[in-house]
4 protein chains.
Amino acid sequence: MSNPSPVKLRFKNVRDRSEQLSQNLITEDFSIQPVDFVSPPKWHLAHVTWFWEQFVLLQFKPDYKVFSEDFAFLFNSYYNNLGKRVLRPIRGLMSRPSVAAVMEYRAYVDEQMEALFDSGVLTEQGYEIIETGINHEEQHQELFLYDIKYILGHQPGFPAYGRGFEPAPVTEPQKFHKFESGLYDFGYQGSGFCFDNELMCHKMYLNDFEIAHNPVTNGEFLEFMNDGGYENFNFWHDEGWHWINNNQIKAPHYWHKVDGAWHYYDLDGFKVVESELPVNHVSFYEAFAFAEWKGMRLPTEFEWELACGKLHYGSVWEWTNSAYLPYPGFQKAPGALGEYNGKFMVNQMVMRGSSAVTPPGHSRPTYRNFFHPNMRWQYAGFRLAKPQTL
Amino acid sequence: MSNPSPVKLRFKNVRDRSEQLSQNLITEDFSIQPVDFVSPPKWHLAHVTWFWEQFVLLQFKPDYKVFSEDFAFLFNSYYNNLGKRVLRPIRGLMSRPSVAAVMEYRAYVDEQMEALFDSGVLTEQGYEIIETGINHEEQHQELFLYDIKYILGHQPGFPAYGRGFEPAPVTEPQKFHKFESGLYDFGYQGSGFCFDNELMCHKMYLNDFEIAHNPVTNGEFLEFMNDGGYENFNFWHDEGWHWINNNQIKAPHYWHKVDGAWHYYDLDGFKVVESELPVNHVSFYEAFAFAEWKGMRLPTEFEWELACGKLHYGSVWEWTNSAYLPYPGFQKAPGALGEYNGKFMVNQMVMRGSSAVTPPGHSRPTYRNFFHPNMRWQYAGFRLAKPQTL
Amino acid sequence: MSNPSPVKLRFKNVRDRSEQLSQNLITEDFSIQPVDFVSPPKWHLAHVTWFWEQFVLLQFKPDYKVFSEDFAFLFNSYYNNLGKRVLRPIRGLMSRPSVAAVMEYRAYVDEQMEALFDSGVLTEQGYEIIETGINHEEQHQELFLYDIKYILGHQPGFPAYGRGFEPAPVTEPQKFHKFESGLYDFGYQGSGFCFDNELMCHKMYLNDFEIAHNPVTNGEFLEFMNDGGYENFNFWHDEGWHWINNNQIKAPHYWHKVDGAWHYYDLDGFKVVESELPVNHVSFYEAFAFAEWKGMRLPTEFEWELACGKLHYGSVWEWTNSAYLPYPGFQKAPGALGEYNGKFMVNQMVMRGSSAVTPPGHSRPTYRNFFHPNMRWQYAGFRLAKPQTL
Amino acid sequence: MSNPSPVKLRFKNVRDRSEQLSQNLITEDFSIQPVDFVSPPKWHLAHVTWFWEQFVLLQFKPDYKVFSEDFAFLFNSYYNNLGKRVLRPIRGLMSRPSVAAVMEYRAYVDEQMEALFDSGVLTEQGYEIIETGINHEEQHQELFLYDIKYILGHQPGFPAYGRGFEPAPVTEPQKFHKFESGLYDFGYQGSGFCFDNELMCHKMYLNDFEIAHNPVTNGEFLEFMNDGGYENFNFWHDEGWHWINNNQIKAPHYWHKVDGAWHYYDLDGFKVVESELPVNHVSFYEAFAFAEWKGMRLPTEFEWELACGKLHYGSVWEWTNSAYLPYPGFQKAPGALGEYNGKFMVNQMVMRGSSAVTPPGHSRPTYRNFFHPNMRWQYAGFRLAKPQTL
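A quick note: this is a predicted structure, and the numbers were derived from the prediction, not measured. (Residues numbered from 1 in each chain as written. Chains lettered and ligands numbered in written order. Predicted model: local features only at pLDDT ≥ 70, side-chain atom pairs only at ≥ 80, totals over all residues. Heavy atoms only, no water.)

Draft legend 1. Just the side chain of Asn 321 of chain B, in detail. Counting through the fold element by element, Asn 321 of chain B comes out in strand E8 (residues 317–323). Among all residues touching Asn 321 of chain B, those that are not within four sequence positions of it are Phe 284, Phe 288, Leu 298, Pro 299, Thr 300 and Met 349 of chain B together with Leu 325 and Pro 326 of chain C. (Helix = DSSP H or I, 4+ residues; strand = E, 2+ residues; numbered from the N terminus. Contact = heavy atoms within 4.5 Å.)

Following this line, the structure appears as structure tokens:
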């Protein structure tokens, strides 16, 4: 069982951090939804608050009175079990409630949560849901930064958000770590928090493989681009080839050629592409094509998990060649919390690692992130493995 | 030639009114673009200001320095002659510049305009363009209110904007005014300002006709609805029939059935539909279908113009059965101002009259407004004419 | 009243001609629908037959037994009054009934019609509907050729259909005919057949104008193209500009640049563009843009009608700057035949004249053809008028 | 090395069978493409012939002269390495070449192949490619039947194709086979032909599981439907839920409710749904939802492969919960043949087994078929496994 006091402290910290992340924005930024997969910053701030209200306060605090009936409707995300919800593509049309009202909502819920912590009525199950809630708010903090980057990075003028979220250069020499074939255990085995998709711990047989110490860098990716990588269908999945052609993709997202030199937008502004940085904002299709061009391949999520202790950890999530599927023994939670992960287990690819915008302490070696193969507004890079034949 | 002083005063008044109209909004409202034909309120405020800068200050004020090079790019609407412009459907993604920055832009331009007025260097041609600018800002004030209504009227909660913009009830008894066939003059003949599309004054031969004294009311439109008007293709244009079916149109825009009773959203809030009000927010297709159902027809724009002195003026623009085409002698202005009207003369229908949200003094009997036949976010009603056979 | 014998003969002739037009096709050609506005040739052959069955045989022949209940459903076009119909975009999916079955259907109906003619029971009203049916089948013969041209002209290999349908070169010298302002009569005044949209004959006042003797030729249109006509927005309607850019239009339909020279597909095969031919397969937008570039304008349908006796008749229909609207006194027929024209009187432009694929004797000076302004698979050219100001 | 004589015989047999499958069609059926994923029957007949020409005759027959340069362009499918190809969605617009011309093409290539067989110049590599070609033509025979079913099954009248392709009823009693956890070998280990995606043979560790003896039947699927299975989002992937709602899916493909009773179209005509038949034409999403409703799950492709020797083989392909990914050691062939499988290994799910329309002898226990999860025009059913937790 979790120890109550640190949980209360961690609750307070995660809530404070969401508000710190909001400091660099102006009121107008909070309600914009430039594309359907990006949510307005205001919505994130309210939705995580709604989670505390729905799954903790309404369940565990006697006589809890919701801040507003309307908010329950407006800030649900995809929990179908909890009633009608605002469709994703129209979130960006809600100028109301105001940012100020959302901040009042946050303050009210924080106060109520503090009272709940102090009341001593929280059960072990309550603390477990609070753990989930903390992790949930951390996930939204990362999405909040993806979405802010998208909102500011698609405005004329490329306004900067702030410093402290830039990927770090790759400085260690490249090499490949070798692993022997054999039967290994995968999935979470600890006693702390993990998501349901990391369970059950189970055996997998892996063949011999080698995996790169460093992720692929901008400099290496530029070689691929300069060698016509985006023009040669032999490197691409059939879907990937259609995707780059239909969308006229010729470089990672946020890259722009200005006066003959590649530049990119990062949260601290618009800059020249630096070779030593890990390549970022590429889709699975692009990662796969690069690996084909290199005569290598992407690692599976299991190779990655086995090797990760020895790797130079990048500051971008890393595409694997594993589809996002349930582990043997996967069990979804009952009720609305069961909608968290399981229902997304089709047509998505697993990413491993963490990124420069992942909240401190949020990731683990067994952590399974997942995105559709064409998505690249998230912090998304990759590393290589071999032999080419898996 | 216009007399300088009243023009300066009218300039000041129109500028002040734009800012008064903004008082009822919160900062978050200013940047929303719910559909491509609606512009964010912030954009209207900046675009009309850009007009003064481009067409007056840069032309007539020696050594004028633009407020910001970026704004010239951002707040152009469709004047292709003046360089690249932000595409309509992405205006709503611009959280920057802030509302405050736009207000600074307005203040700067107002100050510069005042200095220009006082400098005495303005030529007659300058005053003519200023007249156009005043009328341009008035047009955007009306669009501003259409767009605010759309933004607030599509939010959960239907927040009110404010009072003073509601259509007035039809209180006079209905009757039909008769006119004799003959050759009449149409188009603007006065010495004041008019738009290029109101010229030249020209002759048209009209057959005998009768035209209704009052516009069609909500009560009459409800009869059409209750009689299955939306379900009988015989009343509809082929395109109209597809349009209502593809979009599942069953009532005027902003109408919602709540607990069995029709309600609607107006700028002062959400209310029960009142029978005496002129029907508002209907498309040309719906107006035409109603007339077919009634065994009558819509008037042409010429019938309307001839009759208008005797009519109960509604508080909604009125669809006519005239396509928006150039008058004999139509001459578009040279350069960017020539893009004002002529290039829209295809696939649109003429509306006549004015509305509850038209700025005071902005309309005239010869004024030609125009919209695509499926548009209905504007204040749009209609009146009947006969015989059915035109 | 029509004289029975020639009508019977004309009936036979029009039916025979439909079948002659089918001789040049192979079975595979009859069921293709490459785009939604093109109908499969098989469908035309059956639909015109259905018309005879529905509007003549079932109305006037005692105890008439339909060929097949299914065909009544399958080959209705847009007559909503006569029950559910096969949607236009799926006509091309019907491999069944076979072409042979459709030909049996034709033979059956022809035989029944002959018996009806010979029975002497036909009333004057019956003969009038037969006149409409003959004109209806003639209209579909022209559409049949547009559609065959589209089907064959979009296949790899550009197979020829046959000779005898090519526009004729413009050989007379160009000049402009002058007309004085005044009040004139327009619309059909004769005692023979006309469509409802040509009525009533009514007065219009026209200003002075001049109209070109010849239609615009390929050679002249190439000058426009070579002068950057498709790249300069000043010549285009706003909608036209979007249309050419969204669809990457850079030349008339069926034109292809091969080895630096413009070629085009015509029903007799793939050929080099000849300067002396009237330009064909251009949209209203392109016709308008050419006129703007030339500093002239398109004539109105009334100017065209007044002048047509003096003009070199082209072999392409000619765009006018008139929207397709009802004439004063327009009266649609009761029932399904009333769906013929009136319900299309929105968003279309009038074309006047006739074309190289119009059945002999089908057109008249008062004939009003109509198409959406972006359509150009029909035989579509234009001539110029002036002064530029209408 | 393969023994030449049987290969020649098998070549002849597979070619003959393609033509036998064409006997039941009329000429009009061969060129229809109702949706983009369906190819016209004519295209299949020509494309498999093109394969023999490109990969065998041009490679191995000295001085081979292609039947037609145009056909090489027209009947390539997705082999980007072999030049420009006709895009899938426009295959259905090609009325030319005629069916007769395609049959001549087939006869010419057959004759040339026979001469090649008899010439004795074929190398072992040549025989290997011929094996691939035979399997390729067999795959297209199955697709040919899917596509014919789609073409005829979406026509008014539901014309029958013929008998002999109906799934067989499930007659054995249902039970679950138990398997112990352990390390097993998967993938093809024989010496005959297999596709590259069945290699390499590799080890996988499986947990204890049970798998159903029979596939799910129509009767069982009706229980799911009657229990509101299509209305309860808890059973569905998030994507599946959107898919059924956007497409208004309420039953398997080809099912229609007539007079209150479920009917379906099969190649032998339109019939009442029979409870004992395996459910067919369901998507992966529907199979998954059914399993969730039942409290069980779909097997993985490895569970299926391990168990298949004991199972009642259905007459429909069976969805597994395995994504289509490369096996360890997967090696794609060099050149155009390498485009066969590898480039599709993203966003598709593995199906195992075979169907009532699979050519005799075409399948194997290690055979991996694959489709996007929303596809269901193929013969697609499924069986259950447990425990629910994988």
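Draft legend 2. A look at the interface of chain C and chain D. Facing 24 residues of chain C, the contacting portion of chain D comprises 24 residues. Counting each side, the surface lost to burial between chain C and chain D is near 1900 Å², with a carbon and sulfur contribution of 61%. Among the residues chain C hides against chain D, the three largest losses belong to Glu 28, Leu 93 and Arg 96 of chain C. Together they make up 35% of the total. Inspection of the chain C/chain D interface yields two salt bridges. Residue Asp 29 of chain C pairs with Arg 96 of chain D through a salt bridge whose shortest N-O separation is 2.7 Å. On inspection of chain C and its partner chain D, the count reaches twelve residue pairs in polar contact (both at pLDDT 80 or more). (Buried area = accessible area lost by both parts, 1.4 Å probe. Salt bridge = Lys/Arg side-chain N within 4 Å of Asp/Glu carboxyl O. Polar contact = N/O pair within 3.5 Å; in protein donor to acceptor, adjacent residues only side chain to side chain.)

Draft legend 3. Region of the structure containing the pairing of strand E6 (residues 261–266) of chain C. Residues and elements named next belong to chain C. Across the six residues of E6, five count as buried, placing the element largely inside the fold. Inspection of the sheet shows strand E5 (residues 255–258) paired to E6 by four bridges, in the antiparallel sense. Opposite His 256, over in E6, you have His 263 as the bridge partner. Note: E6 against strand E7 (residues 269–272), four bridges, orientation antiparallel. Residue pairing across strands places Asp 266 opposite Gly 269, the latter belonging to E7. Linking two consecutive strands that pair antiparallel, namely E6 and E7, is a turn of two residues. (Buried < 20%, exposed > 50% of the residue type's maximum accessible area, 1.4 Å probe, protein only. Pairing = 2+ DSSP bridges.)

Draft legend 4. Expanded view of the sheet that holds strand E4 (residues 209–212) of chain D. All names here are of chain D. Taken in spatial order, the three strands make up an open sheet running E1-E4-E12, and their pairing is antiparallel. Looking at the sheet topology across the chains shown, the edges are occupied by strand E1 (176–179) and strand E12 (385–386). Two elements, E1 and E4, share four bridges in a ladder whose sense is antiparallel. Paired with Lys 178 across the two strands is Glu 210, which belongs to E4.

Draft legend 5. View of the interface of chain A and chain D. Taken residue by residue, the interface counts 40 residues in chain A and 40 residues in chain D. For the pair chain A and chain D, the two sides together bury roughly 3400 Å², of which 55% comes from carbon and sulfur. For the chain A face of the interface with chain D, the top three residues by lost area are Tyr 205, Val 346 and Asn 347 of chain A, together amounting to 16%. For the pair chain A and chain D, the interface holds two salt bridges. Note that Lys 332 of chain A and Glu 292 of chain D form a salt bridge whose closest N and O atoms lie 3.3 Å from each other. Here chain A is connected to chain D by twelve residue pairs in polar contact (both at pLDDT 80 or more). Secondary structure elements with two or more residues in the side of chain A that touches chain D: strand E3 (202–206), helix H7 (238–246), helix H8 (284–294) and strand E8 (317–323) of chain A. Of the residues belonging to the side of chain A that touches chain D, the class tally is 18 nonpolar, 14 polar and eight charged. (Nonpolar A, V, L, I, M, F, W, Y, C, P; charged D, E, K, R; others polar.)

Draft legend 6. Geometry of the relation of the copies chain C and chain D. Of the transformation placing chain C onto chain D, the axial shift is 0.0 Å and the rotation is 180 degrees, giving an RMSD of 0.0 Å. Taken together, these values place the two copies in the relation of a two-fold axis. Proximity to the rotation axis, assessed at the C-alpha, singles out Glu 28 of chain C in chain C; its C-alpha lies 2.8 Å from the axis. (Least-squares fit on C-alpha atoms with pLDDT ≥ 70 in both.)

Draft legend 7. Structural detail: the environment of Arg 376 of chain D. All names here are of chain D. Relative to the assigned elements, Arg 376 resides in the loop between strand E10 (369–371) and strand E11 (380–381). Apart from the residues within four sequence positions on either side, Arg 376 is in contact with Trp 243, Ile 249, Ala 251, Pro 252, His 253, His 281, Val 282, Ser 283 and Glu 286. Among the polar contacts made by the side chain of Arg 376, one reaches the main-chain carbonyl oxygen of Ala 251 at a distance of 2.9 Å. At 2.8 Å, the side chain of Arg 376 and the side chain of Glu 286 are in polar contact.

Draft legend 8. Summary view of the relation of the copies chain A and chain D. Screw-axis analysis of chain A against chain D gives a translation of 0.0 Å along the axis, an RMSD of 0.0 Å, and a rotation angle of 180 degrees. The fraction of interface residues of chain A whose copies in chain D are also interface residues reaches 100%, indicating that both copies meet through the same surface.

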